[in-house]
Amino acid sequence: QVQLVESGGGLVQAGGSLRVSCAASGRTFSRYGMGWFRQVPGKEREFVAAIGWSGETRYYADSVKGRFTISRDNAKNTVYLEMNSLKPEDTAVYYCAAETHWGIATILLNDYDYWGQGTQVTVSS
């Protein structure tokens, strides 16, 4: 079992920045692929960013490319999402997820095995 706990969400003005974190349990975090997804009421969960086990492979949704940065600190069992130039349309619950079978960076929701409970990010105009 892998436990994922997001933190760092909150209220920020448009144009501002926020960093959300995801702390993972387990001794094999360094071999997991990790991803960030977001969801608003009435919509499907959508891909935001992903990072492979080594950190060398990273994917971003077109909507956040150039503004968001995914990173990981395997020594701390933590993955981060740095969000810059935030827009009101970025408002969502942000979820982290772990892909534990291959350690890949993947944009596909169904590839992920474990999910956190989410952290709310609200961007005001």
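Read on for an overview of the structure. (Residues numbered from 1 in each chain as written. Predicted model: local features only at pLDDT ≥ 70, side-chain atom pairs only at ≥ 80, totals over all residues. Heavy atoms only, no water.)

### Concerning the pattern of salt bridges
Inclusion rule: Throughout this description, the term salt bridge denotes a Lys or Arg side-chain nitrogen within 4 Å of a carboxyl oxygen of Asp or Glu. Where helices and strands are cited, they refer to DSSP runs of H or I of at least four residues and of E of at least two residues respectively, numbered from the N terminus. Any residue under 20% of the maximum accessible area for its type is buried, any over 50% is exposed, and the rest in between are partly exposed; the area is computed with a 1.4 Å probe on protein chains only.
The tally for this structure, following the rule as stated, stands at four salt bridges. Across the pair R38 and D90 runs a salt bridge whose closest N-O atoms are separated by 2.9 Å. Of the two residues, R38 sits in strand β4 (residues 33-39) while D90 sits in the loop between β8 (78-83) and β9 (92-99), which places them 52 residues apart along the sequence. The exposure classification of R38 matches that of D90, with both residues buried. Between R67 and D90 there is a salt bridge; the shortest N-O distance is 2.7 Å. Placement of R67 in the loop between β6 (58-60) and β7 (68-73) and of D90 in the loop between β8 and β9 is noted, with a sequence separation of 23 residues between them. With respect to burial, R67 and D90 carry one shared label: buried. Each of R38, E46, R67 and D90 takes part in a single network of salt bridges with overlapping partners.

### Thoughts on the pairing of strand β5 (residues 46-51)
Here is the rule we go by: Two strands pair if DSSP finds at least two bridges between them.
Counting buried positions over the six residues of β5 gives five, a clear majority of the element. By the bridge criterion, five bridges tie β4 to β5 in an arrangement that is antiparallel. Directly across from R38, in β5, lies its bridge partner E46. In this antiparallel pair of consecutive strands, β4 and β5, the connection spans six residues, and G42 shows a positive phi of 85°. The pairing of β5 with β6 spans three bridges and is antiparallel. Residue pairing across strands places I51 opposite R58, the latter belonging to β6. Adjacent in sequence and paired antiparallel, β5 and β6 are bridged by six residues, among which G55 carries a positive phi angle near 85°.

### Description of the nonpolar core
Put simply, the rule reads: Take the buried Ala, Val, Leu, Ile, Met, Phe, Trp, Tyr and Cys residues and link them wherever side-chain atoms come within 4.5 Å; each set so joined is a nonpolar core.
Of all hydrophobic cores here, the largest spans 35 residues; its most connected members are M34, W36, L81, M83 and Y94. Taken together, the elements giving at least two residues each to this core come down to β3 (18-24), β4, β5, β7, β8, β9 and β11 (119-124).

### Some details on a nonpolar patch on the surface
Filter applied, for reference: Two joining distances apply to patches: 9 Å for like charges and 5 Å for nonpolar side chains (Val, Leu, Ile, Met, Phe, Trp, Tyr), and every residue must have over 30% relative accessible area and no salt bridge. Calculation of accessible area relied on Shrake-Rupley with a 1.4 Å probe; when residues are assessed, cover is drawn exclusively from the protein chains displayed.
A cluster of nonpolar side chains, Y59, I107 and L108, forms an exposed patch at the surface whose accessible area comes to about 290 Å². Following the sequence through the fold, I107 ends up in the loop between β9 and β10 (114-115). In this structure I107 comes out as partly exposed when scored by relative accessible area, which is 47%.

### Some points on the sheet that holds β8
Backbone-to-backbone hydrogen bonds join strands into a sheet, with any given pair of strands oriented parallel or antiparallel. Basically, it comes down to this: Helix axes are fitted only over the stretch in contact, all axes being lines through C-alpha atoms; the angle between N-to-C directions runs from 0 to 180 degrees.
Spatial strand order, β1-β3-β8-β7: four strands in an open sheet with antiparallel pairing. The open sheet has two edge strands, β1 (4-7) and β7, and neither has a second partner. Direction aside, the axes of adjacent strands within the sheet are offset by 15° on average. Strand direction decides the pairing type here: β7 and β8, joined by six bridges, are antiparallel. By the bridge assignment, T69 is partnered in β8 with E82.

### Observations concerning the environment of L18
Note the cut-off: Residue contacts follow a heavy-atom distance rule, with two residues in contact if any of their heavy atoms lie within 4.5 Å.
Mapped onto the fold, L18 is located in strand β3. Given a relative accessible area of 16%, L18 falls into the buried group. For the pair L18 and E44, spaced 26 residues apart in the sequence, the C-alpha separation amounts to 23 Å. For L18, the residues in contact, after removing those within four places along its chain, are G8, G9, G10, L81, E82, M83, L86 and V121.

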